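# Tertiary structure, described
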Amino acid sequence: MKLKFDYNNMMDCAIGAHGIKKSEIDGAMTAHQSAFTEVIANSGKGWQEWTETPMISDATVDELCAFGKSIRDKATSFVVLGIGGSALGPICVFNALLHLHHNELPKEMRKAPKIYVEDNVDPERMASLLDVIDIKTSYFNVITKSGETSETLSQFIILYNMLKKALGETAAKEHIFVTTTDGKGSLYNVAKKEGFKIFGIPSGVGGRFSVLSNVGLVPFAVMGLDIKSMLAGARAMRKACENKDVYKNPALMTAFLQVKSMQAGKNISVMMPYADGLRTMADFYCQIWAESLGKAVDKAGKTVNYGQTPAKSLGVTDQHSQVQLYTEGPYDKVVTFIGVEQYGATVDIPNDSADVGDFLKGHTLNELITAERKSTEFALTKAGRSNFTILLPEVNAETVGELLMYFMYQTAFAGAYLNIDTFNQPGVEEGKKATFAMIGRKGYEEKLKELNSAVKKDEYIIC
């Protein structure tokens with residue numbers, strides 16, 4: 001394992017009365033063992049098939065990479081159609097491992113097509129996409145676990161229709177490949193009928209835990225990313241998370257500290273990476289933390305309304321927009337810093353003759369961003385605010401794989417501590433059913449009646 005975890009500033013010895021005592025960790029050994037056993041004993045079973053995603057064979061990876069190269073050699077643009085876990089996982093990895101201005105690079109510097117991940121149905125967004133891609137040389141990966149996701153299916157219908165008009169029906173089929181559950185759902189049925197290439201998703205891998213399945217691996221292969229190193233990093237983190245000693249298991253320890261913080265009223269979890277390449281890693285975290293832990297009832301059926309609201313922040317940018325609140329506002333937050341020891345580039349601040357910023361001259365932007373992270377950590381700690389740091393030696397495929405796997409295990413352990421169903425999402429499903437009813441899908445007539453009856457005549461609306 002390459003990542004380092006520093007949780008000193010979660011403890012009372014660092015932040016005083018708002019910190020956690022070591023005796024609280026040591027006194028919860030039964031809870032640690034229970035949470036650990038629940039997650040590890042169910043690895044690879046039911047909705048925990050995600051624990052097996054890093055274990056695929058090199059031969060399978062080689063097949064994926066060969067397919068990816070066949071698309072990469074032909075495509076000017078590669079478009080991922082998906083939403084939620086089908087988009088956030090790929091987005092955060094592309095952001096971390098591709099050039100930060102990938103699409104603006106000259107073709108000879110990119111060595112891969114332009115990449116677009118379309119995770120919304122804003123009509124202006126679709127129109128804007130069509131303004132910048134050549135439909136005839138673009139390839140599309142349609143991703144939906146259920147095969148029924150309204151947003152993704154609508155995008156598919158629009159773009160497949162355009163491809164058929166531009167290329168003819170036979171050639172259009174070659175520009176679409178599908179990632180969905182084998183043998184299930186409307187998209188799978190259409191893909192079989194039309195002859196699209198299909199990549200399966202294991203039935204026990206939920207969307208927000210799917211980044212290291214074909215949901216992520218197929219797009220990563222198309223873009224030429226180092227999948228084997230990413231999976232190696234994920235396996236290293238999996239091994240660390242299988243250590244039953246809470247002091248040696250980063251996901252188990254930090255899950256416990258977050259749960260203790262929730263119980264103490266710290267109901268906001270801020271994710272603050274100090275690297276633009278990890279900016280969207282906070283989006284990935286926000287989904288997995290919110291959807292997994294935000295539950296009305298526990299496994300015993302008791303109403304609990306658990307959850308910790310995730311918030312995203314970017315260092316250094318949000319030191320100038322949010323840190324004032326974190327430092328002097330309510331004691332209701334835990335801030336997680338993600339630091340980088342060695343950035344992918346070094347930029348010097350020259351000894352310029354301009355009579356400004358003398359204290360900066362002769363240093364580097366690398367030194368400055370690191371000093372800013374450490375100073376913000378210091379300021380929060382001095383103010384008695386809970387924070388901890390995840391440190392990457394550098395941002396590469398291996399450390400990104402570790403970080404993704406850590407977030408998945410940390411979430412699973414937190415759910416086990418809380419005794420909730422970490423892997424369902426009943427609140428999301430209710431909204432999906434309401435959307436089907438409002439758009440007129442067959443079989444949802446009763447839901448539409450329920451929606452219509454919910455409209456009150458005395459609503460207060462300003463027109």
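Preceding this section is the structure that the text describes.
Overview of the structure. (Residues numbered from 1 in each chain as written. Predicted model: local features only at pLDDT ≥ 70, side-chain atom pairs only at ≥ 80, totals over all residues. Heavy atoms only, no water.)

### Comments concerning the layout of surface pockets
Space inside the largest pocket adds up to approximately 1000 Å³. Forming the walls of the largest pocket are 37 residues, and the residues nearest its centre are Ser146, Thr149, Gln425, Glu429 and Lys432. Within the residue set of the lining of the largest pocket, elements represented by two or more residues are α5 (85-97), α8 (150-167), α14 (281-293) and α18 (426-439). Ranked by residue count, the leading element in the lining of the largest pocket is α18, at seven residues. When its residues are assigned to classes, the lining of the largest pocket shows ten nonpolar, 17 polar and ten charged. (1 Å grid on protein atoms, 1.4 Å probe; cavity = no way out; pocket = protein on both sides within 12 Å on 5 of 7 lines; lining within 4 Å. Points joined across faces, edges and corners; volume = space filled by probe spheres on them. Helix = DSSP H or I, 4+ residues; strand = E, 2+ residues; numbered from the N terminus. Nonpolar A, V, L, I, M, F, W, Y, C, P; charged D, E, K, R; others polar.)

### Quick notes on the environment of Val61
Within the fold, Val61 resides in helix α4 (residues 58-72). Classification of Val61 by relative accessible area gives buried; the value is 1%. The sequence separation of Val61 and Ile227 amounts to 166 residues, and the corresponding C-alpha distance is 7.3 Å. Once residues within four sequence positions are removed from consideration, Val61 is found in contact with Ile56, Ile227, Lys228 and Leu231. (Buried < 20%, exposed > 50% of the residue type's maximum accessible area, 1.4 Å probe, protein only. Contact = heavy atoms within 4.5 Å.)

### Section: the packing of α5 against helix α11 (residues 214-222)
Two packed helices can be described by the angle between their axes and the distance between those axes. For the pair α5 and α11, interaxial distance at closest approach is 9 Å and the crossing angle is 40 degrees. Relative to α11, the element α5 is oriented oblique. In this structure, α5 meets α11 at a crossing whose hand is right-handed. On α11, the residues touching Gly85, Ser86, Gly89, Pro90, Val93 and Phe94 of α5 are Val215, Gly216, Pro219 and Phe220. Counted by class, the contact of α5 with α11 contains six nonpolar, four polar and no charged residues. (Axes fitted to C-alpha atoms, helices over the stretch in contact; angles between N-to-C directions. Parallel < 35°, antiparallel > 145°, perpendicular 65-115°, else oblique. Left-handed = near helix turned anticlockwise from the far one by under 90°.)

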